[in-house]
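Each chain, written out:
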Amino acid sequence: MIEAIGLTSIPRKEQPPAVDNVSFEAHTGRVTALLGAPGAGKTTALRLMLELQRGRGITYFRGRPLHRIPHPAHEVGVLLGDVPGHPARSVRGHLRMLCAASGVPARRADEVLEAVGLVSLRDERLGTLSRGMDRRLGLACALLPDPHTLVLDDPARGLAVGERRWLYDMLREHAAQGGTVLCSTADPKEAARFADHVVTLDGGRVVADQRAADFARTRLRPRVVVRSPHAARLSVLLAQRARSTQRSVEVVREGGNRLCVYGTTCAEVGETAFRNGIVVHQLADEVGDMGPGAGAGAEISTAQEPQSSSAAIDSQTGPDPEPEAAAALDSGLEPEFAPPVPGAGPEPEFAPLAPGSGPEPKFAPLAPGADPEPEFAPPAPEPEPPTLTPDSGTEPEAAAPALDCGPEPEPSAPAAAPAPAPAPEAVPAASTTLVPPQEAPADDTPQAAPSQQPTTPRPTTVALPPPVLVRPAPTPLRPVRYEIRRAAGVATGYIVGACVLAVSALTAVLLARIGHTPQPRLLAAWPVELPLPPAALGAGLLGALAFGDEFRHPALAVDRGTVPRRLGLLTAKLFVASLTALALAVLTVGCTAEVLYLVYGSELVALPADWPALTAGWLALVTGCAWAGVLAAGVFRSTTAGLAAVVAVPLLVVPAVHKMTEGLSARGPVPFAGRLKGGLPPRWPFGGEQHLEVLLRLLAQPVGGAMALSVLALLCAYAFTGLRSRVR
C-alpha cells in the first residue's frame, strides 16, 4: 500500500508550487491511476514520492518511507521515462548488470526477459530498440528485483494500441498477485479502462479520488460527433426535435462544422439530417471528457461557448425553484437548505418561521403545535445565553432548551407577569436584537441569565509535513561484479586496449629505427617528447570511463537520484581499474617486445639488470594514471575531465615536484631518497628494505611523486564532495 501525505513542491520565484498538498492512497491488489493533463503535477508528485526532488511531504510504502527501506529496489520498482542505459550495451547485458546491483542471481535476467517478451531481442543493443521494446525493457528493469510496488510515469505514452493493451494486462496481473501499482496517465478513457481507482490532479491539487466505476460515471459522458457543412442548421433542428419529444438533449458546436450532441444516438441524429436533406460527413459515437472538475463530486453544469449554437432544452432545466422554496418553508425545513424566496425578508438562522406567527427571537423554542426544532441546532455554548428581545414589543421568551441553561426557578406568583425589558431602538421587521445583560430584578421573576461575550478562538498551529530530501542511490549489493559487467558489457574498453597496443607497437618500431632511445623507454613505447606513454593514457581513459559512463548513462540512479558516492562502489571501481591497467601494461610490454624481436631480432629485447625496479615503476605509473582518471571523473562528473586530470599530472604537477625535490637535494650532499631511507629502521624482516628502497626511488622521481600527490589530492576531493552531498 502506498500512502502519500501532504506532497508539496518548492515554488519557483513568484509562481505557485507545481504540487500543493497532494494526499492519496494506492491500495494493495489494485491498479491506481494518477490522472491529469500535461502540467497538472503528475511527474512532480511521483518524484516527490520517490525522493527525487526536494519539497515537503512523506510517502509510506507498506508503512515505511523510502529512505528507511534497506534495499529500495526490492520494494519499489520504478519506470520514469526511457531506460538510461548505454546505447551500445545489449539487452541481456544490461539486465545482468542490474542483477549484480540488486543482488539477485543472473538467471533472473532471463526470467524477466521471457516475462516481457524480449527473449528474441536479448542480444540487441539498447540504442536500436523501438519505443515499444524500450518500454518492455523498462518494465523488465522494474520487475527485476521482484518488487511489491510498481510506480510508473505515463508508461503508455507513444505506444501502439496493442502495446498499450499488453502493458496494462501486465500491470493488472502484477496487482492480481498481491502487488500495488501506481501509474500516471493523461487520458481519462485509459484510466477508466485499466485502473481500479483514479486520483485526478488539476493545477497541482487533488480534485477527485474515486473508484473507476464512479469516475467513468461522473467524468466520461457518451456523445455523438457530427461533421456537416450545415452544422448550424442541424443544431437548430436537433433542438426543435428535443423540445417536441420533451427530451434532454444538448448540442455543442466545437468550432467549424463539428457538433457534439449529448443525450441522443447516432440513429436519431442521422434520421434528422436525412429527413431535412442535410449532408453529413461524419457521424460517430464517442465518449466525451467532462473535465477534471466532473470527478470532484459536485454538481457540474455544462458551460456553452458564446459562439456555439447549443440548444438548452426546457425539459433539462427542471421545475420552478420558487414553489419548492415556499413548500420548504411551509413544511418546516431549515432555511439553510431551502432556496431563497424573493420578498420573504431576512430569516432566522436556526429556527424556521411559522406562517403567520410573526418574528421570533433567535434560539427561541417553537410555538406549541409547530414543527419540531431543526435537526441542525447550534451547539450549546459554555456561557449562558444573552437576553433576547424581539423588536415587536412582545415579552421575552425563556432561553431555548437546546442551550442547556439549567433548571429555571419557579416563579413566586404564577399570575404575576414578568417585568418588561426596556424597548430597544427600532430595527427592521423580522429581526432580533441582542440586549446587554441587566441587573436582576428584586422579585423572583425568572429572567434569562446573562452571558459573556464569545471569546475569539486562538489560532491553532498547523504542523507542516516533513521535508523531502534527495538522497544518493545506494551502493550496488555486489559492487565488484557490477563493475566487471559494466566494463565488459560494452566494446569501448576492448577498442581502447586494441588502439593502445597498436600505437605502442608502431611507436616502438619507429623509436628503434631512429635510435638513441633507452631500452626501458623503448619497451614502454614512451618517447621523450610525450608526457606519458600510450599505455598510461589508455589506462587513464578507461579509469575515467568508469565514472563518466555512470553520470552519462545513470543506470544506478534511475530511481533514486544522483550517482552514489559510496566507499564500496569507489573501491570496486579502483580495483577493476587497477586490474585493467595492470593487464594493459603487461600486454603493452609483451606486444612491443614481440614486435621488436620480429623486426630487429633479440638485441633490443634483452632483459635489463634492474628489471624489478623498472617493472615496479612501470606498473605503478600505469595504475596511478588509472586511479587518477577514476577519481577525477568522480569528482568532476565527466570523462573528459578525468582524462584531462591524467594529462595534467606530467604537464603541471611534475615540474612543480621537480623543483621541490631539487631544492631539497641542494641542501645536502645526500640525495632526497637517501635521506628518506636514512630516517627509517635499517633492518626489515624478509628483506623488506629492498622493496622499500625501490618504493622510495619511485617517490623520489618527479613523475612518481607527482602521481602520488595527484592521487592523494583527488582522493581527498572525492571524500569532500561525498561528505558535502550527505550534509545537504
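Residues numbered from 1 in each chain as written. Predicted model: local features only at pLDDT ≥ 70, side-chain atom pairs only at ≥ 80, totals over all residues. Heavy atoms only, no water.

Trainee: Honestly, the overall build of the chain in this entry has me stumped. Any pointers?
Mentor: Counting its regular elements, the chain contains 21 helices and 17 strands. The proportion of buried residues among the 728 residues of the chain is 39%. For the chain, restricting intrachain contacts to residue pairs at least 6 apart in sequence, the fraction spanning at least 24 positions comes to 73%. Carbon together with sulfur atoms contributes 59% to the accessible area of the chain, which is approximately 39200 Å² in total. (Helix = DSSP H or I, 4+ residues; strand = E, 2+ residues; numbered from the N terminus. Buried < 20%, exposed > 50% of the residue type's maximum accessible area, 1.4 Å probe, protein only. Contact = heavy atoms within 4.5 Å. Areas by Shrake-Rupley, 256 points an atom, 1.4 Å probe, with all protein chains shown as cover.)

Trainee: Teacher, can you tell me more about empty space enclosed by the protein here?
Mentor: Left-over empty space is what a probe sized like a water molecule reveals as it rolls over the atoms. Here the structure, examined in full by the defined rule, presents five cavities of 30 Å³ or more. When its volume is computed, the second largest cavity comes out at roughly 70 Å³. Every residue along the wall of the second largest cavity is listed here: P84, G85, H86, R89, M97, Y482, R486, D549, E550, H553 and A555. When residues of the lining of the second largest cavity are traced back to their parent elements, those giving at least two are α12 (479-488) and α15 (534-552). Among the residues forming the lining of the second largest cavity, the class breakdown is four nonpolar, three polar and four charged. (1 Å grid on protein atoms, 1.4 Å probe; cavity = no way out; pocket = protein on both sides within 12 Å on 5 of 7 lines; lining within 4 Å. Points joined across faces, edges and corners; volume = space filled by probe spheres on them. Nonpolar A, V, L, I, M, F, W, Y, C, P; charged D, E, K, R; others polar.)

Trainee: Would you mind going over the pattern of salt bridges with me for this structure?
Mentor: Close approach of charged atoms lets side chains of opposite charge pair. Taken as a whole and judged by the stated rule, the model has 23 salt bridges. Across the pair D20 and R205 runs a salt bridge whose closest N-O atoms are separated by 2.6 Å. Within this pair, whereas D20 is found in the loop between β1 (2-9) and β2 (22-26), its partner R205 is found in strand β10 (residues 205-211), the two being separated by 185 residues in sequence. When its relative accessible area of 22% is taken as the criterion, D20 is described as partly exposed. (Salt bridge = Lys/Arg side-chain N within 4 Å of Asp/Glu carboxyl O.)

Trainee: When you look at the packing of aromatic side chains in this model, what are you seeing that I'm missing?
Mentor: Geometrically, a pair of aromatic rings is defined through the distance of the ring centres and the angle of the planes. Enumeration over the complete set of coordinates arrives at three aromatic pairs. Ring centres of Y168 and F194 lie 4.1 Å apart, and the angle between their planes is 5°; this geometry places the pair in the stacked category. Placement of the pair is Y168 in helix α5 (residues 161-176) and F194 in helix α6 (residues 188-194), with a sequence separation of 26 residues. An identical accessibility class is assigned to Y168 and F194; each is buried. Geometrically, the ring pair formed by F547 and Y718 is tilted, given 5.8 Å between the ring centres and 45° between the ring planes. (Phe/Tyr/Trp six-rings, centres within 6.5 Å; stacked < 30°, edge-to-face > 60°.)

Trainee: Looking at this model, I keep getting lost on a nonpolar patch on the surface. Mind explaining?
Mentor: Taken together, V480, I484, F575 and L579 make up a surface patch of nonpolar side chains, about 340 Å² in accessible area. Mapped by element, the contributors of at least two residues to the nonpolar patch are α12 and α16 (567-600). The topology assignment puts L579 in helix α16. Given the relative accessible area of 45%, L579 is considered partly exposed. (Patch = residues over 30% accessible without salt bridge, like charges linked within 9 Å, V, L, I, M, F, W, Y side chains within 5 Å.)

Trainee: Would you mind going over the sheet that holds strand β11 (residues 220-227) with me for this structure?
Mentor: Strand pairs in the sheet, formed through backbone hydrogen bonds, run parallel or antiparallel to each other. With respect to topology, four strands assemble into an open sheet ordered β12-β13-β11-β14, the strand pairing being antiparallel. Edge positions in the sheet fall to β12 (250-253) and β14 (282-289), since each of these pairs with one other strand and no more. Here the strands of the sheet are splayed against their neighbours by 30° on average, with no regard to which way each runs. Sheet topology places β11 next to β14; eight bridges connect them, and they run antiparallel. Among the inter-strand pairings, P222 is bridged to a residue of β14, identified as V287. Those strands touched by helix α7 (residues 212-219) are β11 and β14, and its axis lies near 40° from that of β11. (Pairing = 2+ DSSP bridges. Axes fitted to C-alpha atoms, helices over the stretch in contact; angles between N-to-C directions.)

Trainee: Can you walk me through the environment of N257 in this structure?
Mentor: As for its position among the elements, N257 is in the loop between β12 and β13 (258-262). For N257, a relative accessible area of 29% corresponds to the partly exposed category. Along the sequence, N257 and S228 sit 29 residues apart, while their C-alpha atoms lie 5.4 Å from each other.

Trainee: What is the right way to look at the pairing of strand β4 (residues 55-61) in this model?
Mentor: Along any regular strand the residues' side chains alternate between the sheet's two faces. Counted residue by residue, β4 has five buried out of seven residues, so it is predominantly covered. Both β1 and β4 contribute to a ladder of six bridges, which runs antiparallel. Each residue of the ladder has a partner; that of S9, found in β4, is G55. As paired strands, β4 and strand β17 (residues 467-468) are joined by two bridges and run antiparallel to one another. The residue of β17 that forms the bridge with G55 is V468. In this structure, β4 lies alongside strand β5 (residues 64-65), joined through two bridges in antiparallel fashion. The residue of β5 that forms the bridge with F61 is R64. Hairpin connection from β4 to β5: two residues lie between these consecutive antiparallel strands, with R62 at a positive phi of about 55°.

Trainee: Looking at this structure, how should I read the packing of helix α8 (residues 231-245) against helix α9 (residues 266-275)?
Mentor: Angle between the axes and distance between the axes are the two parameters that describe a pair of packed helices. One way to put it is that α8 packs onto α9 with a least axis distance of 10 Å and a crossing angle of 115°. Overall, the two elements α8 and α9 adopt an arrangement that is roughly perpendicular. In terms of crossing hand, the pair formed by α8 and α9 is right-handed. Facing α8, whose interface residues are L234, L237, L238 and R241, α9 presents E268, V269, E271, T272 and A273. The residue inventory of the contact of α8 with α9, partitioned by class, reads five nonpolar, one polar and three charged. (Parallel < 35°, antiparallel > 145°, perpendicular 65-115°, else oblique. Left-handed = near helix turned anticlockwise from the far one by under 90°.)

Trainee: Teacher, can you tell me more about the sheet that holds strand β6 (residues 76-80) here?
Mentor: As summarised here, the arrangement of the six strands in space is β6-β7-β8-β3-β9-β10, forming an open sheet in which the pairing is mixed. Only two strands of the sheet have a single partner each, and these edge strands are β6 and β10. When strand polarity is set aside, the average angle formed by the axes of neighbouring strands in this sheet is 15°. Two elements, β6 and strand β7 (residues 149-153), share five bridges in a ladder whose sense is parallel. In the sheet register, V78 faces β7, and the bridge partner there is V151. Contacting β3 (31-35), β7 and β8 (180-185), α5 crosses the sheet at an angle of about 150° to β8. The strands touched by α7 within the sheet are β3, β9 (197-202) and β10, with β10 carrying the most contacts at an inclination of about 115°.

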